[in-house]
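# Observations on the model geometry
Read off the chains here:
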Amino acid sequence: MPNIRPISDLRNNSNEISEFCRTSREPVFITKNGVGDMVVLSVDMYERQQAQLELYSKLAEAESEIAAGSGGVDFAEFVKKLRVEVNGKV
């Protein structure tokens with residue numbers, strides 16, 4: 001169930017809201033005059049969501065390339081190249 005709080009709680013209970021976001025890993029929805037205004041989220045969860053968006057974007061790009069008939073890279077060759085980049089010559 002979403003945690004919905006008035007904007008006055010953001011000013012008066014910011015530490016409590018911060019603690020809730022960090023421990024529950026859930027957002028707090030802030031209302032202004034009874035209407036949704038903003039969402040408060042822990043930095044950890046924000047960064048996680050941004051990483052997911054970037055991953056989804058890359059996956060969509062790869063699927064588009066495959067659908068367009070773009071030739072792929074052999075998995076064994078890719079792994080070999082990656083190991084060289086990470087560990088040096090294999």
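Look up: the structure comes first, before these words.
For the structure given in this document, a descriptive report is provided here. (Residues numbered from 1 in each chain as written. Predicted model: local features only at pLDDT ≥ 70, side-chain atom pairs only at ≥ 80, totals over all residues. Heavy atoms only, no water.)

### Topic: the side chain of N3
What counts here: Secondary structure elements follow DSSP: runs of H or I of four or more residues count as helices, runs of E of two or more count as strands, with numbering from the N terminus. Only heavy atoms enter the contact rule, under which two residues are in contact if any of them lie within 4.5 Å.
Structurally, N3 can be placed in strand β1 (residues 3-6). In contact with N3, other than residues within four places in its own chain, are F20, P27, V28 and F29.

### Topic: the environment of C21
Which entries qualify depends on this criterion: Relative accessibility under 20% of the residue-type maximum defines a buried residue, over 50% an exposed one, and the middle range a partly exposed one, all with a 1.4 Å probe and only protein chains included.
In this structure, C21 sits in helix α2 (residues 14-24). On the basis of relative accessible area, C21 is assigned to the buried category, the value being 3%. Linking C21 and F78, residues 57 residues apart in sequence, is a C-alpha distance of 40 Å. Setting aside its immediate chain neighbours within four residues, C21 contacts E26, V28, V40, L41 and S42.

### Some words on the sheet that holds β1
Counted only if it meets this: Whether two strands pair depends on DSSP finding at least two bridges between them. A fitted line through C-alpha atoms represents every axis, and for helices the fit uses only the stretch in contact; the resulting angles, taken between N-to-C directions, go from 0 to 180 degrees.
What the 3 strands build is an open sheet, ordered β1-β2-β3; its pairing is mixed. Bordering the open sheet on either side are β1 and β3 (35-40), each of which pairs with just one other strand. Ignoring which end each strand starts from, the neighbouring axes of this sheet average 35° apart. Across 5 bridges, the pairing between strand β2 (residues 28-32) and β3 is antiparallel. Looking at the pairing, V28 lines up with V40 of β3. The strands that α2 touches are β1, β2 and β3; relative to β2, the one it contacts most, it runs at about 145°.

### Considering the nonpolar core
As a reminder of what qualifies: Within this scheme, the nonpolar core is defined by two criteria: the residues are buried Ala, Val, Leu, Ile, Met, Phe, Trp, Tyr or Cys, and they are joined through side-chain atoms within 4.5 Å.
Counting 5 residues, the largest nonpolar core is built from I17, C21, V28, I30 and V40. If you list the elements that add at least two residues to this core, you get α2 and β2. Ignoring anything within four residues of it in the chain, the contact list for V40 reads L10, I17, C21, P27, V28 and I30.

### Some remarks on the side chain of D9
Note the threshold: Two N or O atoms form a polar contact when they lie within 3.5 Å of each other; inside protein one atom must be a possible hydrogen donor and the other a possible acceptor, and for residues adjacent in sequence the pair counts only when both atoms belong to side chains.
Within the element layout of this structure, D9 appears in helix α1 (residues 7-12). A relative accessible area of 17% places D9 in the buried class. At a separation of 2.9 Å, a polar atom in the side chain of D9 contacts the side chain of R5. Ignoring sequence-local partners within four residues, the contact set of D9 consists of S14 and I17.

### Focus: helix α3 (residues 43-67)
Put simply, the rule is: The length a helix should cover is 1.5 Å for every residue beyond the first.
For α3, with 25 residues, the first-to-last C-alpha span of 36 Å sits near the 36 Å given by 1.5 Å per residue. With its phi angle positive at about 90°, G69 sits one or two positions after the end of α3.

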